[in-house]
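Below, each chain spelled out in residue letters.
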Amino acid sequence: MKRFVKTYYGTLLIVAAVLAAWIYFTDVAKKINPVLFPNPQAVLLAFWKSKGLLLEGFISSMQLFLSGYFSAVIAGIAVGLAVALHPALRKPLMPIFHALSPIPPTMYIPYAIALLPTFKSASVFLIFAGALWPILLGTIQGVLLIDRHYLDNARALGLRSGKLLTKVIIPAALPFIFNGAGVALGFAFIILTVAEMFGAKSGMGYFIQYYSNFSDYKNVVAGMIFNSLVILAIMLIFDKIKNKYLFWTQIDDKTL
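Computed from a predicted model, the values in this text were never measured in an experiment.

How each quantity is defined
- For every chain, the first residue of the written sequence is number 1, and numbering continues from 1 onward in sequence order.
- Local features in this predicted model are restricted to residues whose pLDDT is 70 or higher, and side-chain atom pairs enter the listing and the counts only when it is 80 or higher, whereas totals over whole chains, interfaces and linings include all residues.
- In computing side-chain values, all of the structure's heavy atoms are included and hydrogens and water are not.
- Helical segments are the DSSP runs of H or I of at least four residues, strand segments are the runs of E of at least two, and each set is numbered from the N terminus.
- When a residue's accessible area, from a 1.4 Å probe over protein chains only, is under 20% of the maximum for its type it is buried; when over 50% it is exposed; and in between it is partly exposed.
- Should any heavy atoms of two residues lie within 4.5 Å, those residues are considered in contact.
- Here, Shrake-Rupley sampling with a 1.4 Å probe gives the accessible areas, and only protein chains in the shown set may cover a residue.
- Counted as positive: Lys and Arg. Counted as negative: Asp and Glu, with His and the chain ends omitted from the count.
- Working definition for charges: the position is that of NZ of Lys, CZ of Arg, CG of Asp or CD of Glu.
- Residues enter patches when their relative accessible area tops 30% and they take part in no salt bridge; the joining distance is 9 Å for like charges and 5 Å for the nonpolar side chains Val, Leu, Ile, Met, Phe, Trp and Tyr.
- We define a salt bridge as a contact between a side-chain nitrogen of Lys or Arg and a carboxyl oxygen of Asp or Glu at a distance within 4 Å.
- Lines fitted to the C-alpha atoms define the axes, with helices restricted to the stretch that makes contact. Angles between their N-to-C directions range from 0 to 180 degrees.
- For classification purposes, angles smaller than 35 degrees are called roughly parallel, those larger than 145 roughly antiparallel, those between 65 and 115 roughly perpendicular, and all remaining angles oblique.
- Under the scheme applied, nonpolar residues are Ala, Val, Leu, Ile, Met, Phe, Trp, Tyr, Cys and Pro; charged residues are Asp, Glu, Lys and Arg; polar residues are all the others, including Gly.
- Polar contacts, as used here, are pairs of N or O atoms within 3.5 Å; protein pairs need one atom able to donate a hydrogen and one able to accept it. Residues neighboring in sequence count only if both atoms are side-chain atoms.
- An expected span of 1.5 Å times one less than the residue number is assigned to each helix.
- Note on bend: at a given residue it equals the angle between the axes fitted to the 7 residues ending there and to the 7 starting there.

Engineer: How should the overall build of the protein chain be read in this particular structure?
Structural biologist: On a plain count of helices and strands, the protein chain comes out with 10 helices and zero strands. Element order for the protein chain, N to C, with α for helix and β for strand: α-α-α-α-α-α-α-α-α-α. Expressed along its principal axes, the backbone C-alpha trace of the protein chain runs to roughly 70 × 55 × 30 Å. Looking at the 256 residues of the protein chain, the share that counts as buried comes to 33%. Restricting the contact set of the protein chain to residue pairs at least 6 apart, pairs at least 24 apart contribute 69%. Carbon and sulfur atoms provide 71% of the accessible area of the protein chain, an area that totals close to 16,100 Å². Positive and negative side-chain charges of the protein chain, numbering 21 and 9 respectively, have mean locations separated by a distance of 5 Å.

The structure is reproduced here in structure tokens:
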């Protein structure tokens, strides 16, 4: 606990300041609309009463999120490696990738709903489409930026095909792959929330949309806080995994 406080004391101070301001403007000064901006006590009570629905929404959302995101990770790394290592593929495909990657995945919503059999499959596709490009392009960039001397030295040591890929190419490209995967993680959450607001019957985004339709803003704020906590937890897990595999890139604060 002491280590956590020492590491995140700045963050904790900011959260405490925001909470204090929230209490002041809603309970003390009372200068803002109490319907749109309920006080912390009302939000906390709504959070507690809706904990079952929030948990149900979390499970539903994670089914969509994990399916779409990990499909994008697998496809992005596999296709990225293939394209980066084969110029015959890279030359015709890169212009297409650059043309398609800026298109917001939300543009595909009408087609996903019309062509795919269920809302679940449409949502998974949209999350996949949103997460794919950062991972794919990050993988390609990571491979192309590997110093040719490393590859020449590896081949001189007898590393070929599979071993060259797993022992040299992928480890060298990992910083770019993880960077793309981190960006994709944020995109995937945004697309998940948007998708659930349109056609879902459960989920974290659906919870917020449902109560906003009834102007029940204490539950809306509770849902927003719950979403933020879930995203924060997943990002922290991602950072733990990233630091484990990229330990050699970490900078000791004491050296700065």
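Now that the structure has been shown, we can carry on.
Engineer: How do you make sense of the environment of Ala 222 when you look at a structure like this?
Structural biologist: Inspection of the secondary structure puts Ala 222 in helix H10 (residues 217-245). For Ala 222, a relative accessible area of 0% puts it in the buried group. Ala 222 sits 174 residues away from Trp 48 along the chain, and the two C-alpha atoms are 9.1 Å apart. Setting aside its immediate chain neighbours within four residues, Ala 222 contacts Val 43 and Phe 47.

Engineer: What am I meant to see in a nonpolar patch on the surface here?
Structural biologist: On the surface, a nonpolar cluster with roughly 920 Å² of combined accessible area is contributed by Phe 4, Val 5, Tyr 8, Tyr 9, Leu 12, Leu 13, Ile 225, Leu 229, Leu 232 and Leu 236. Breaking the nonpolar patch down by element, the ones donating at least two residues are helix H1 (2-28) and H10. In terms of residue count, H1 provides more of the nonpolar patch than any other element does, six residues in total. Considering the arrangement of structural elements, one finds Tyr 9 in helix H1.

Engineer: Looking at this structure, I do not really get the packing of helix H3 (residues 51-85) against helix H4 (residues 87-100). What am I missing?
Structural biologist: Working note: a packed helix pair is described by the angle between its axes plus the distance between those axes. One way to put it is that H3 packs onto H4 with a least axis distance of 6 Å and a crossing angle of 120 degrees. As the angle between them shows, H3 and H4 are arranged oblique. For the pair H3 and H4, contact is made by Val 79, Ala 82, Val 83, Ala 84 and Leu 85 and by Pro 87, Leu 89, Arg 90, Leu 93, Met 94 and Phe 97, respectively. Residues belonging to the contact of H3 with H4 are distributed by class as follows: 10 nonpolar, no polar and one charged.

Engineer: Which parts of the structure should I look at to understand the side chain of Glu 196?
Structural biologist: Within the secondary structure, Glu 196 is located in helix H8 (residues 161-199). Among the polar contacts made by the side chain of Glu 196, one reaches the main-chain amide nitrogen of Met 204 at a distance of 3.2 Å. Filtering out sequence-adjacent residues up to four positions away, Glu 196 remains in contact with Ser 61, Leu 64, Phe 119, Ser 202, Gly 203, Met 204, Gly 205 and Tyr 206.

Engineer: When you look at H1 in this model, what are you seeing that I'm missing?
Structural biologist: In a regular helix each residue adds 1.5 Å, so 27 residues correspond to 39 Å; H1 covers only 33 Å between its end C-alpha atoms and thus falls short of that length. In H1, a bend of some 75 degrees at Tyr 8 exceeds every other bend along the element. Lys 30 occupies a position one or two residues after H1 and carries a positive phi of about 50 degrees.

Engineer: Just checking my understanding: could you explain the side chain of Ser 61 for this structure?
Structural biologist: If you trace the backbone, Ser 61 turns up in helix H3. On the accessibility criterion, Ser 61 (0% relative accessible area) is buried. For Ser 61, the side chain forms a polar contact with the main-chain nitrogen of Met 204, separated by 2.8 Å. Apart from residues no more than four positions distant in its own chain, Ser 61 is found in contact with Leu 192, Glu 196, Gly 203 and Met 204.

Engineer: Got a minute to help me understand the environment of Ala 78 in this structure?
Structural biologist: Residue placement: Ala 78 occurs in helix H3. Judged by its relative accessible area of 46%, Ala 78 is partly exposed. Placed 72 residues apart in sequence, Ala 78 and Lys 6 show a C-alpha to C-alpha distance of 40 Å.

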